Amino acid sequence: MSGKPLGVGLLGLGTVGSAVGRAFADRSRRIDAAAGRPLRLVAAAVRDANRPRDAGEVPITTDPHAVLDDPEIAIVVEVIGGTEPAGELELGAFDRGKHVVTANKELVAKEWNALHEAARMAKRELRFEAAVAAAVPVIAGMRGLGAVRPRVLRGLLNGTTTYICSRMEAGKSFDEALAEAMAAGYAEADPTNDVDGHDAAYKLAILISLLEGRHFHPDNVRRASLRGVAAGDMTGAAARGARVRYLAVADWGEKATKARVGPEEVAADSLEGQATGPTNVITLESDLVPRLVWSGPGAGGDATASAILGDVIQIARRSA
């Protein structure tokens, strides 16, 4: 291992940020070995410095700009979520010559052009593997498919809704299944983004943008909520040899890309039908490669932190 230590700063220390902090504390040797140089978590910016956290011994500040201005920090990891102040902070990081790693699917989906242009102008990297499917390396996989012409992309992009559907199949009502998902940490205190399809639409828009090489705005994704699904829908689907899942679909027709997210019936023996808990499944059909499938845990702090650290390590290796 060679090279001077590369500093990392965190914006946000919630579930995902804390998992990143624990990983730096518990497996620094493994991270350094993978990066080929020492990586150090220098600081984390939080809203409430008094809130108890399980994130290792990372120094905490309530001023996010202190992270951006720290000359020791070369990579900024943004896990605040939402578009503001996250957007202003990511652009500020690029202005200061820092690389950005983010799990913020809403910001990447909505501000695709602005973020990529800022990264290009700064000659720094923007990486967002954790924004779609957490630990499942679907972003890396699709980056390598620039030559293919996509035909259909379909799958389960939101682990919360997959969990809810699988629990409803076990006899729970929608409200009971949602409460279980919240208690298990798969759903936020406000589950609107998950159950009304915003989260899946952001992720689908990101994948379409990658495959098309241009921005596909999430407003162009048609959404249907999971809230209207009842126990009778589950039993009716089962009688037909099917199951209900919250499906994301992009169809590349001759004139325009059509995209939708919402509850649909799938074959019970399909990959989507067999998925339970927070599992994500993504299938891509294209001209050169008839069928590619990605599957794995798509929710949870540790799974998301795994993808973030993978991006940080890749930047470190390229910066050596």
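Keep in mind that what you see is a predicted model, and the values were worked out from it rather than measured. (Residues numbered from 1 in each chain as written. Predicted model: local features only at pLDDT ≥ 70, side-chain atom pairs only at ≥ 80, totals over all residues. Heavy atoms only, no water.)

So, about helix H4 (residues 86-95). In terms of burial, H4 is a largely internal element, 7 of the 10 residues being buried. If you check which residues of H4 are buried, you get Ala86, Gly87, Leu89, Glu90, Gly92, Ala93 and Phe94. Two residues or fewer past H4, Gly97 is found with a positive phi of approximately 80 degrees. (Buried < 20%, exposed > 50% of the residue type's maximum accessible area, 1.4 Å probe, protein only. Helix = DSSP H or I, 4+ residues; strand = E, 2+ residues; numbered from the N terminus.)

If you walk across this open sheet you meet the 6 strands as E8-E10-E9-E7-E11-E12, and the pairing is mixed. Where the open sheet ends on each side, the last strands, each with one partner, are strand E8 (221-223) and strand E12 (292-297). Each adjacent strand pair in this sheet contributes to an overall mean axis angle of 20 degrees, direction not counted. Two strands pair when backbone bridges link them, and strand E7 (residues 150-156) and strand E11 (residues 279-286) are joined in this way by 6 bridges, in the antiparallel orientation. Pairing of Pro150 across the sheet is with Ser286, part of E11. The sheet strands contacting helix H8 (residues 159-169) are E7, strand E9 (242-252) and E11, and the helix crosses E9 at an angle near 150 degrees. Seen against the sheet, helix H12 (residues 231-239) touches E9 and strand E10 (257-267) and runs at an angle of roughly 85 degrees to E9. (Pairing = 2+ DSSP bridges. Axes fitted to C-alpha atoms, helices over the stretch in contact; angles between N-to-C directions. Contact = heavy atoms within 4.5 Å.)

It is worth spelling out the packing of helix H2 (residues 28-35) against helix H14 (residues 301-319) at this point. For any two helices packed against each other, one specifies the inter-axial angle together with the distance between the axes. Put simply, H2 and H14 touch, their axes get as near as 8 Å, and they point 45 degrees apart. What the angle tells us is that H2 and H14 run oblique. Here Ile31, Ala33, Ala34 and Ala35 of H2 come into contact with H14, specifically with Leu309, Ile313, Ala316 and Arg317. Across the contact of H2 with H14, the residue classes break down as 7 nonpolar, no polar and 1 charged. (Parallel < 35°, antiparallel > 145°, perpendicular 65-115°, else oblique. Nonpolar A, V, L, I, M, F, W, Y, C, P; charged D, E, K, R; others polar.)

With that settled, consider the sheet that holds strand E6 (residues 126-127). Reading across the sheet, the 6 strands line up as E3-E2-E1-E4-E5-E6 and stay open at both edges, with parallel pairing between neighbours. In this open sheet, the two edge strands, each paired with only one partner strand, are strand E3 (60-61) and E6. Packing of H4 onto the sheet brings it into contact with strand E1 (6-11), strand E4 (73-78), strand E5 (99-102) and E6, and relative to E5 it is tilted by some 150 degrees. Contacting E1, strand E2 (39-45), E4, E5 and E6, H14 crosses the sheet at an angle of about 160 degrees to E5.

Relative to the helices and strands, Val138 resides in helix H7 (residues 138-143). Among the residues examined, Val138 registers a relative accessible area of 0% and is labelled buried. Sequence separation between Val138 and Val281 is 143 residues, and the spatial gap between their C-alpha atoms is 9.9 Å. With residues near it in sequence (within four places) discarded, Val138 still touches Glu129, Val132, Ala133, Leu207, Ile282 and Trp294.

The next subject is unusual backbone geometry. Leaving glycine out, the prevailing phi sign among residues is negative, and the prevailing peptide bond configuration is trans. Here Glu84 and Pro85 are connected by a cis peptide whose omega angle stands at 10 degrees. Position of Pro85 among the secondary structure elements: in the loop between E4 and H4. For Lys123, which is not glycine, the phi torsion reads 55 degrees and is therefore positive. Considering the arrangement of structural elements, one finds Lys123 in the loop between helix H6 (112-122) and E6.

Applying the stated criterion to the full structure yields 20 salt bridges. The salt bridge partner of Asp32 is Arg40, with a shortest N-O separation of 3.1 Å. We classify Asp32 as buried; its relative accessible area is 8%. Overall, Arg40 belongs to the partly exposed group, its relative accessible area being 39%. (Salt bridge = Lys/Arg side-chain N within 4 Å of Asp/Glu carboxyl O.)

Our focus in this paragraph is the packing of aromatic side chains. A full pass over the atoms with the stated rule returns 1 aromatic pair. With a centroid separation of 5.6 Å and an interplanar angle of 70 degrees, the aromatic rings of Trp112 and Phe128 are classed as edge-to-face. Highlighted residues: Trp112 in helix H6 and Phe128 in the loop between E6 and H7, separated in sequence by 16 residues. In this structure, Trp112 and Phe128 share a single accessibility class: buried. Looking at Arg143, its charged tip hangs above the ring of Phe128, at a distance of 5.0 Å from the centre. (Phe/Tyr/Trp six-rings, centres within 6.5 Å; stacked < 30°, edge-to-face > 60°. Lys NZ or Arg CZ within 6 Å of the ring centre and 35° of its normal.)

Turning next to the pairing of E12. Both E11 and E12 contribute to a ladder of 6 bridges, which runs antiparallel. Within E12, the residue paired with Thr283 across the bridge is Val293. The antiparallel hairpin formed by E11 and E12 contains 5 residues in its connecting segment.

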